[in-house]
Amino acid sequence: MPRLLRLRSAWGLPNLASGDRRRIFSKLRESGWDGVEASLADIGTTTAARRECIDAARSESMNLVLSAYSSWHNYEGPFDASLSVQGHAAAFESELQQIAELHSAAPSPIIHVNAHSGSDHWGDAEAIDYFESAIGTAHALGDALPSVSHETHRGRYLCCPFATARLLHKVPSLRLTSDFSHWVVKCERLLDAPEEVTLLEEIIAPAVDHIHARIGTPQAPQVADVESSSVRAAAERHYAWWEAIWTAREKASISGRDATLTATIEYGPVEL
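Below, the structure is looked at part by part. Note that this is a predicted model, so its numbers are computed, not measured. (Residues numbered from 1 in each chain as written. Predicted model: local features only at pLDDT ≥ 70, side-chain atom pairs only at ≥ 80, totals over all residues. Heavy atoms only, no water.)

1. Some details on the side chain of glutamate 266
Alright, step 1. With respect to the secondary-structure elements, glutamate 266 resides in the segment after strand S8 (260-265).
Alright, step 2. Of the side chains with opposite charge, arginine 214 comes closest to the buried, unpaired glutamate 266, at an N-O distance of 4.1 Å.
Alright, step 3. Look past the residues within four positions of glutamate 266 in its chain and what remains in contact with it is Ser9, Trp11, Asp179, His212, Ala213 and Arg214. (Helix = DSSP H or I, 4+ residues; strand = E, 2+ residues; numbered from the N terminus. Buried < 20%, exposed > 50% of the residue type's maximum accessible area, 1.4 Å probe, protein only. Lys, Arg positive; Asp, Glu negative; His and termini not counted. Salt bridge = Lys/Arg side-chain N within 4 Å of Asp/Glu carboxyl O. Contact = heavy atoms within 4.5 Å.)

Shown next as structure tokens:
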């Protein structure tokens, strides 16, 4: 049976970069969280500040999942469509190296890297080049880096399940962070046709290592009230998808693979 670790998103934690981090982590732990997911910018603007945040997490027995970006960091500022595959690969390598340096102090609380990779305007050939390079970079860092998975996020190459499935066929070592809310709003449907369910459960679910547990609808990436009758169908579809991932991880654990599944509970700020 897999073990589930629940992580708090850094959304809504503005003092994580420079405040009393130990107090923040202590309160989160007391509230039942197993850790926090954050970008490098979320935990500090300098290496020293980031180390202080990591030390605080370690002292409070809290886990960290850190995000790495190939472009468009934290989705702030303009999107640069001109950045080449090589530019994405170089930026991603730099982020991984920074995380590896932070991870070097043992015991490290950093348990995983969530990657925001590539661009939705790429063709399949460009995506294959980038993801093969990204996986190779992570592999070259070896034990200096925790496991890495690439998020199914709008604006990225993995923005829809069909492109993701094609890529998994060509790059079978690719590991995923699943945020089903992005796919639902991107495709404007709950992806519940029999053929879509089969693709999701048989091809994609076994490749998922990390979940972003946010509920969306075909018209919105997140809902205000998951208990509302108006979003019940969408919520139930998300629950079924997460169950499929859990089942896939449980099956994989029989063959000796990592039996831990991590999930970050996401609920972001409303745009004004």
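2. Looking at the sheet that holds strand S5 (residues 147-151)
Alright, step 1. A barrel is described by the order of its strands in space; here 8 strands give the closed sequence S1-S2-S3-S4-S5-S6-S7-S8, paired in parallel fashion. Adjacent strand axes in the sheet meet at a mean angle of 30°, parallel and antiparallel pairs treated alike.
Alright, step 2. For strand S1 (residues 3-9) and S8, the ladder comprises 6 bridges, and the chain directions are parallel. Paired with arginine 8 across the strands is isoleucine 265, a residue of S8. (Pairing = 2+ DSSP bridges. Axes fitted to C-alpha atoms, helices over the stretch in contact; angles between N-to-C directions.)

3. Topic: helix H6 (residues 180-187)
Alright, step 1. Counting buried positions along H6 yields 7 of 8 residues, so the element is predominantly enclosed.
Alright, step 2. For H6, every residue scored as buried is listed here: Phe180, Ser181, His182, Trp183, Val184, Val185 and Cys187.
Alright, step 3. Glutamate 188, located one to two residues past H6, shows a positive phi value of around 55°.

4. Digging into the pairing of strand S2 (residues 35-39)
Alright, step 1. Burial analysis of S2 places 5 of its 5 residues in the buried class, which makes it a mostly covered element.
Alright, step 2. Residues Gly35, Glu37 and Ser39 of S2 are buried on one face, and the alternating residues Val36 and Ala38, pointing to the opposite face, are buried as well.
Alright, step 3. With 3 bridges joining them, S1 and S2 adopt parallel strand pairing. Within S2, the position partnered with serine 9 by the bridge is glutamate 37.
Alright, step 4. Inspection of the sheet shows S2 paired to strand S3 (residues 63-69) by 5 bridges, in the parallel sense. Opposite glutamate 37, over in S3, you have valine 65 as the bridge partner.
Alright, step 5. As for the winding sense of the linkage, the β-α-β connection from S2 through helix H2 (residues 47-59) to S3 is right-handed. (Right-handed = clockwise from strand over helix to strand, strands pointing away.)

5. Overview of helix H1 (residues 21-30)
Alright, step 1. Those residues of H1 that fall on the buried side of the exposure criterion are Arg21, Ile24, Phe25, Ser26 and Leu28.
Alright, step 2. At the C-terminal side of H1, glycine 32 shows a positive phi close to 105°.

6. Some remarks on the environment of cysteine 187
Alright, step 1. Structurally, cysteine 187 can be placed in helix H6.
Alright, step 2. Separated by 28 residues in sequence, cysteine 187 and cysteine 159 have C-alpha atoms that sit 9.1 Å apart.
Alright, step 3. Here cysteine 187 is in contact with Cys160, Pro161 and Phe162, once residues within four sequence places are set aside.

7. Remarks on the pattern of salt bridges
Alright, step 1. Following the criterion strictly, the structure yields 9 salt bridges and no others.
Alright, step 2. Arginine 22 is the partner of glutamate 60 in a salt bridge, and the nearest nitrogen-oxygen pair spans 2.7 Å. Taken together, the residues glutamate 60 in the loop between H2 and S3 and arginine 22 in helix H1 connect sequence positions 38 residues apart.
Alright, step 3. Several salt bridges converge on common partners, so that one network encompasses Arg22, Arg29 and Glu60.

8. Here we look at the side chain of serine 117
Alright, step 1. By the secondary structure assignment, serine 117 is in the loop between strand S4 (110-116) and helix H4 (124-141).
Alright, step 2. Among the polar contacts listed, one links the side chain of serine 117 to the side chain of tyrosine 130, at a separation of 2.9 Å.
Alright, step 3. A distance of 2.8 Å separates the side chain of serine 117 from the side chain of histidine 150, its partner in a polar contact.
Alright, step 4. Not counting residues up to four positions away in its chain, the partners in contact with serine 117 are Ser70, Phe92, Tyr130, Phe131, His150, Arg156 and Tyr157. (Polar contact = N/O pair within 3.5 Å; in protein donor to acceptor, adjacent residues only side chain to side chain.)

9. Considering unusual backbone geometry
Alright, step 1. Even without a glycine there, the phi angle at tyrosine 75 is positive, about 55°.
Alright, step 2. Structurally, the position occupied by tyrosine 75 is in the loop between S3 and helix H3 (85-103).
Alright, step 3. Taking the relative accessible area as the measure of exposure, tyrosine 75 reaches 23% and is therefore partly exposed.
Alright, step 4. One non-glycine residue, leucine 191, lies in positive phi territory at about 55°.

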